[in-house]
Amino acid sequence: MYATMESNNRKQVNSKYQARPYCPCWSKRSGPVPWKNLNLCTCGEEQNLKEWSWERPPYVGSSWLVLTNDLKQVTFHPFYSSGTAVVRGNCPMIHNYHYYWEIKMLTDTYGTDILIGVGSNKVNISDPQFTFTSLIGQDEESYGLSYTGAVRHNSKVTRDSVGFCRGTIIGVRVDLWNGTLEFYVNREPQGIAFYNLRRHQVLFPMISSTAAQSSMKLIYAASWQASLLVDSAKILAASIKNRSLMRPKLPPGLWQTLRRQFWLTLPTEGCFVDDTDVDIELEAAKAMPLSSGMKRKHWLKPSSTCLFLQKNTDSR
């Protein structure tokens with residue numbers, strides 16, 4: 001099942017939004033950039049958390065794709081393109097967990113299609129090797145966002161969204177507790193695109209491209225188990241009406257927990273603030289008189305709940 005949009009809403013989306021980079025670093029150069037001389041911009045990579053990496057398909061060689069030593073950056077068709085290449089993450093996404101991962105597009109977007117999304121282990125990734133196709137989203141087992149803004153599933157464009165270009169950060173949020181999929185462009189949510197993803201036993205992150213010398217980089221990948229804490233953070237974030245606030249007026253301990261672990265949920269630009277703001281508030285809180293029965297050390301202590309769980313073999 002997928003979320004649909006009215007035709008007039010599609011026109012508004014296409015006319016109002018255009019693919020754009022995350023930061024101004026990418027406007028310093030014009031024209032194509034060779035994949036070996038990519039922009040060294042690190043904007044948006046402040047949180048160095050990557051729970052998984054890309055898995056090299058067993059049937060392809062270096063003429064189809066090149067992976068960096070850390071398996072985070074992939075370049076498709078480094079010499080010339082003769083079809084469609086795809087890679088998927090080496091960690092399956094399982095039920096009752098939340099997943100969020102981000103890709104930074106390092107080269108210009110063009111050609112038949114460049115897609116970012118998810119797919120099950122039933123997706124046939126070898127047949128389109130010598131054909132130019134929109135691989136992710138061409139069957140019932142995969143869901144993808146194209147650089148053109150098309151959201152694809154089962155060979156259909158289910159809705160229009162914001163496309164992406166060189167320098168764009170594309171986020172994928174998979175909620176396998178509720179079974180939903182939502183794309184983010186430059187950390188702006190695009191609305192839930194698909195429902196009923198729990199019908200798949202497992203899903204994998206996937207990216208594909210038909211464009212020669214197209215390169216993408218995994219800059220963030222995290223997961224956390226569905227819990228009351230997660231749902232509470234969503235409700236709290238939704239209650240903050242003013243998205244321009246750099247810091248909602250919350251108790252300092254709670255704000256630290258949300259800022260460090262739920263930064264995606266908070267409705268601010270990246271949700272990063274200066275630590276000095278928190279330190280000042282903590283000092284002010286220490287000077288406040290406490291009512292009888294309240295222990296300061298417990299009131300100030302941040303939550304130790306860890307969202308980014310390392311999944312063990314039993315959970316699979």
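Above this text sits the structure in question.
In this text the structure is predicted, and so the values were computed from the model without any measurement.

Q: I tried to follow the overall build of the protein on my own but got confused; where do I start?
A: A tally of regular secondary structure across the protein gives five helices and 14 strands. Among the 316 residues that make up the protein, the fraction classed as buried is 52%. Of the contacts made within the protein by residues no fewer than 6 positions apart, 69% connect residues no fewer than 24 positions apart. Entry remark: accessible area of the protein is about 15,500 Å², with carbon and sulfur atoms responsible for 51%.

Q: How should the pairing of strand β8 (residues 150–153) be read in this particular structure?
A: Two faces, one strand: in a regular strand the side chains alternate between the faces of the sheet. What you see with β8 is no split at all: A150 and R152 on one side and V151 and H153 on the other are buried throughout. Pairing of strand β7 (residues 142–146) with β8, which is carried by three bridges, proceeds in the antiparallel orientation. Along β8, the bridge assignment pairs Y143 with H153. Between β7 and the antiparallel strand that follows it, β8, lie three residues; G149 among them carries a positive phi value of about 100°. Where β8 folds back on strand β9 (residues 156–160), the antiparallel hairpin that results is connected by two residues, among which N154 adopts a positive phi of roughly 55°.

Q: Honestly, the packing of aromatic side chains in this entry has me stumped. Any pointers?
A: To describe a pair of aromatic rings, you give the distance between the ring centres and the angle between the ring planes. This model, assessed by the stated rule, comprises eight aromatic pairs. Each ring, one from Y97 and one from Y99, has its centre 6.3 Å from the other, and the planes form 40°; the classification is tilted. Take Y97 and Y99: they sit in the same class, and that class is buried. Members of the aromatic cluster, connected to one another through ring pairs, are W52, W54 and W101. Over the ring of F204 we find R88; its NZ or CZ atom is 4.2 Å from the centre of that ring.

Q: Is there a simple way to explain the sheet that holds strand β12 (residues 188–194) in this structure?
A: Across a sheet, paired strands are connected by hydrogen bonds in the backbone, their directions being either parallel or antiparallel. Across the sheet, seven strands lie side by side as β2-β3-β14-β5-β10-β11-β12; this open sheet has antiparallel pairing. Across the chains shown, the open sheet's two edge strands, defined by having one partner strand only, are β2 (65–67) and β12. Adjacent strand axes in the sheet meet at a mean angle of 20° when their direction is disregarded. Relative to strand β14 (residues 214–225), strand β5 (residues 97–105) runs antiparallel, the two being bridged by nine bridges. Residue pairing in the sheet places W101 in a bridge with A221 of β14.

Q: For this particular structure, what's the right way to read the sheet that holds β8?
A: Taken together, seven strands build an open sheet; the order of strands is β1-β4-β13-β6-β7-β8-β9 and the sheet is antiparallel. The sheet is open, and its two borders are formed by β1 (54–55) and β9, each paired with just one other strand. When strand β6 (residues 114–119) meets β7, the two strands line up antiparallel, connected through five bridges. Across the sheet, the residue bridging to L115 is S146, located in β7.

Q: Could you clarify how one ought to interpret the pairing of β6 in this entry?
A: Counting buried positions along β6 gives six out of six residues, so the element sits mostly inside the fold. Neither face of β6 is exposed, since I114, I116 and V118 on one face and L115, G117 and G119 on the opposite face are all buried. Here six bridges tie β6 to strand β13 (residues 204–209), and the two strands are oriented antiparallel to one another. The partner of L115 across the bridge, within β13, is S208.

Q: Would you explain the environment of Y143 in this entry?
A: Residue position: Y143 is located in strand β7. Of the residues examined, Y143 reaches a relative accessible area of 1% and is grouped as buried. Among residues more than four places away in sequence, those in contact with Y143 are I116, G117, V118, I136, G137, R152, H153, L181, F194, L197, R199 and H200. A distance of 2.7 Å separates polar atoms of two side chains, one belonging to Y143 and the other to H200.

Q: Just checking my understanding: could you explain the environment of Y147 for this structure?
A: Among the structural elements, Y147 can be located in the loop between β7 and β8. Sequence separation between Y147 and I170 is 23 residues; the distance between their C-alpha atoms is 9.9 Å. The contacts of Y147, once residues within four sequence positions are left out, are T109, Y110, G111, T112, D113, I114, G163 and F164.

Q: Explain unusual backbone geometry here, please?
A: Residues other than glycine predominantly adopt negative phi, and peptide bonds predominantly adopt the trans conformation. In this structure, S155 takes a positive phi of about 65° despite not being glycine. Among the secondary structure elements, S155 is positioned in the loop between β8 and β9. In this structure, Q213 takes a positive phi of about 55° despite not being glycine. Looking at the secondary structure, you find Q213 in the loop between β13 and β14. Taking relative accessible area as the criterion, Q213 reaches 30% and is therefore assigned partly exposed.

What counts, and where the lines are drawn
- Residues numbered from 1 in each chain as written.
- Predicted model: local features only at pLDDT ≥ 70, side-chain atom pairs only at ≥ 80, totals over all residues.
- Heavy atoms only, no water.
- Helix = DSSP H or I, 4+ residues; strand = E, 2+ residues; numbered from the N terminus.
- Buried < 20%, exposed > 50% of the residue type's maximum accessible area, 1.4 Å probe, protein only.
- Contact = heavy atoms within 4.5 Å.
- Areas by Shrake-Rupley, 256 points an atom, 1.4 Å probe, with all protein chains shown as cover.
- Pairing = 2+ DSSP bridges.
- Phe/Tyr/Trp six-rings, centres within 6.5 Å; stacked < 30°, edge-to-face > 60°.
- Lys NZ or Arg CZ within 6 Å of the ring centre and 35° of its normal.
- Axes fitted to C-alpha atoms, helices over the stretch in contact; angles between N-to-C directions.
- Polar contact = N/O pair within 3.5 Å; in protein donor to acceptor, adjacent residues only side chain to side chain.

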